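Observations on the model geometry
Take a look at the letters that make up each chain.
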Amino acid sequence: MTGYAIIIERADDGGYGAWSPDLPGCVALGDTEAETVAEMKDAIQHHLEAMRDHGEPIPEPRTVAATVLTSAA
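Let me begin by describing the structure that accompanies this report.

The rules behind each value
Residues numbered from 1 in each chain as written. Predicted model: local features only at pLDDT ≥ 70, side-chain atom pairs only at ≥ 80, totals over all residues. Heavy atoms only, no water. Helix = DSSP H or I, 4+ residues; strand = E, 2+ residues; numbered from the N terminus. Contact = heavy atoms within 4.5 Å. Areas by Shrake-Rupley, 256 points an atom, 1.4 Å probe, with all protein chains shown as cover. 1 Å grid on protein atoms, 1.4 Å probe; cavity = no way out; pocket = protein on both sides within 12 Å on 5 of 7 lines; lining within 4 Å. Points joined across faces, edges and corners; volume = space filled by probe spheres on them. Nonpolar A, V, L, I, M, F, W, Y, C, P; charged D, E, K, R; others polar. Buried < 20%, exposed > 50% of the residue type's maximum accessible area, 1.4 Å probe, protein only. Patch = residues over 30% accessible without salt bridge, like charges linked within 9 Å, V, L, I, M, F, W, Y side chains within 5 Å. Salt bridge = Lys/Arg side-chain N within 4 Å of Asp/Glu carboxyl O. Lys, Arg positive; Asp, Glu negative; His and termini not counted. Charge placed at Lys NZ, Arg CZ, Asp CG, Glu CD.

This paragraph deals with the overall build of the chain. When helices and strands are counted, the chain shows 1 helix and 3 strands. In the chain, the order of α-helices and β-strands from amino to carboxyl end is β-β-β-α. Excluding contacts between residues fewer than 6 apart, the proportion of contacts in the chain whose partners are at least 24 apart in sequence is 25%. Of the roughly 5500 Å² of accessible surface on the chain, a fraction of 54% belongs to carbon and sulfur atoms.

Next up, the structure:
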């Protein structure tokens, strides 16, 4: 099973958006982080299915890890 890293960002309206650095154009929105992750799982599945249907190569994940850094500002 292949895993793709996702980035989750909080929107100005309080909702969340997610995207994957390894799958350009694959995005999802949700009202909570958990909902956004679930939506992104579906989005990745559909994105990969569409790529296969169009004969496009499936990219190998390149993103290895993500970390949250805090500043002392």
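Don't stop here, the text continues.
Space inside the largest pocket adds up to approximately 210 Å³. For the lining of the largest pocket, the residue count by class is 7 nonpolar, 2 polar and 1 charged.

Next up on the list: the side chain of Ser 20. For Ser 20, the position within the fold is in the loop between strand E2 (16–19) and strand E3 (27–30). Residue class for Ser 20 comes out buried when judged on its relative accessible area of 3%. When near neighbours in sequence (up to four residues on either side) are disregarded, Ser 20 contacts Tyr 4, Ala 5, Ile 6, Cys 26 and Met 40.

What follows is about a negative patch on the surface. There is a patch of like negative charges on the surface, built from Asp 12, Asp 13, Asp 31, Glu 35, Glu 39 and Asp 42. Tracing the sequence through the fold places Asp 31 in the loop between E3 and helix H1 (33–53).

Everything listed is a geometric property; what it means functionally is a separate question.
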